[in-house]
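An overview of the molecular structure
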Amino acid sequence: MSTLNSLSYDDLGSAAQRERRKRILDATIALASKGGFDAVQMRAVAERADVALGTLYRYFPSKIHLLVSALAREFEQANTGLDRRPVPGETQHERVMFVLGRATRTLQRDPNLTEALTRAFMFADASVATEIHVVGMHVTRLLMRAMADPDAPFEDHEPTEDDIAIAKVIGDVWLASLVQWVTGRASAADVSRSMDVAVRLLLR
């Protein structure tokens, strides 16, 4: 596997390059939604995105880089959705469970896509560290938004080291629970119960 990193949105200097990256990720998600992990082949992605295969490899060095980057974009869009309105809930626990519940239900509505993205996350090695870090940042931000005071602008929120550590642990537990669901070792109800217990213990 290549040790190169994927080209992020910020790495790209022109609108055309950013649009090309978007088409590639759109094609990846469409193929994954249709057939899961095995359906995402680099040549098929290139054809669907209308880019040369060599161009695809310059943007994403491997299938794993590609799928983990697609996972990061899914979480980035989830964060964008929360920018429009406060997270409902009287307590941190209620707000975090709302955010996790919504994200989990969204993923479970498209099991083929979730299987592809989660398996890529499981298979990722050190060469995909940058992309994994981006996923972690988006998940942590999602949880930090839920943990913050809903009556104050999120941009003014200054989390403590403990806040960040708790958000990271919750994110890790949630991703592990998704792996269990994808691999058939836990039901959707099991995931919800596990997360409720973890969040209650961490935020009490």
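Residues numbered from 1 in each chain as written. Predicted model: local features only at pLDDT ≥ 70, side-chain atom pairs only at ≥ 80, totals over all residues. Heavy atoms only, no water.

**Focus: the packing of aromatic side chains**
Scanning the entire structure with this criterion turns up two aromatic pairs. Ring geometry for Phe-37 against Phe-123: centres 5.5 Å apart, planes inclined by 80 degrees, an arrangement best described as edge-to-face. Placement of Phe-37 in the loop between α1 (15-35) and α2 (42-49) and of Phe-123 in helix α6 (residues 111-123) is noted, with a sequence separation of 86 residues between them. Pairing Phe-75 with Trp-174 gives two aromatic rings, centres 5.4 Å apart and planes at 55 degrees, and the pair type is tilted. Of this pair, Phe-75 sits in helix α4 (residues 63-82) while Trp-174 sits in helix α8 (residues 161-182), and the two are 99 residues apart along the sequence. Taking the relative accessible area as the measure of exposure, Phe-75 reaches 4% and is therefore buried. (Phe/Tyr/Trp six-rings, centres within 6.5 Å; stacked < 30°, edge-to-face > 60°. Helix = DSSP H or I, 4+ residues; strand = E, 2+ residues; numbered from the N terminus. Buried < 20%, exposed > 50% of the residue type's maximum accessible area, 1.4 Å probe, protein only.)

**Considering α6**
A rise of 1.5 Å per residue sets the reference length of α6, with its 13 residues, at 18 Å; its end C-alpha atoms lie 18 Å apart and thus fit the reference within 8%. Looking at α6, one finds that the buried residues are Leu-113, Thr-114, Ala-116, Leu-117, Thr-118 and Ala-120. The secondary structure elements touched by the buried residues of α6 are α1, α4, α5 (92-108) and α8. (Expected span 1.5 Å × (residues − 1). Contact = heavy atoms within 4.5 Å.)

**What about the UniProt feature "domain: HTH tetR-type" (unreviewed entry) in the chain?**
Following the UniProt record, the feature "domain: HTH tetR-type" (unreviewed entry) maps to residues 18-78 here. Taken end to end, residues 18-78 has its terminal C-alpha atoms 20 Å apart, with 80% of it in helix and 0% in strand. (UniProt positions renumbered as here; feature names shortened; annotations may be inferred.)

**Things to note about the nonpolar core**
Of all hydrophobic cores here, the largest spans 59 residues; its most connected members are Ile-24, Val-96 and Trp-174. With nine residues, the top contributor of residues to this core is α4. If near-sequence neighbours (up to four positions away) are discounted, Ile-24 is found in contact with Val-45, Ala-49, Val-51, Leu-56, Tyr-59, Phe-60 and Leu-66. (Core = buried A, V, L, I, M, F, W, Y, C linked by side-chain atoms within 4.5 Å.)

**As for the UniProt feature "DNA-binding region" (unreviewed entry) in the chain**
The residues that UniProt annotates with the feature "DNA-binding region" (unreviewed entry) are residues 41-60. Between the first and last C-alpha atoms of residues 41-60 the distance is 12 Å; the span itself is 75% helix and 0% strand.

**Focus on unusual backbone geometry**
With a phi close to 60 degrees, Asp-50 is a non-glycine residue in the positive phi region. Within the secondary structure layout, Asp-50 lies in the loop between α2 and α3 (53-59). A relative accessible area of 64% places Asp-50 in the exposed class.

**So, the pattern of salt bridges**
Per the counting criterion, the structure on display carries five salt bridges. In this structure, the salt-bridge partner of Asp-26 is Lys-22, at a minimum N-O distance of 2.8 Å. On the criterion of helical spacing, the pair formed by Asp-26 and Lys-22 is a turn pair, its members being four residues apart in helix α1. A residue is classified by how much of its surface remains accessible, and Lys-22, at 41% relative accessible area, is partly exposed. The partner of Arg-73 in a salt bridge is Asp-26, with the nearest N and O atoms 2.7 Å apart. Of this pair, Arg-73 sits in helix α4 while Asp-26 sits in helix α1, and the two are 47 residues apart along the sequence. Each of Lys-22, Asp-26 and Arg-73 takes part in salt bridges that share partners, so that together they form one network. (Salt bridge = Lys/Arg side-chain N within 4 Å of Asp/Glu carboxyl O.)

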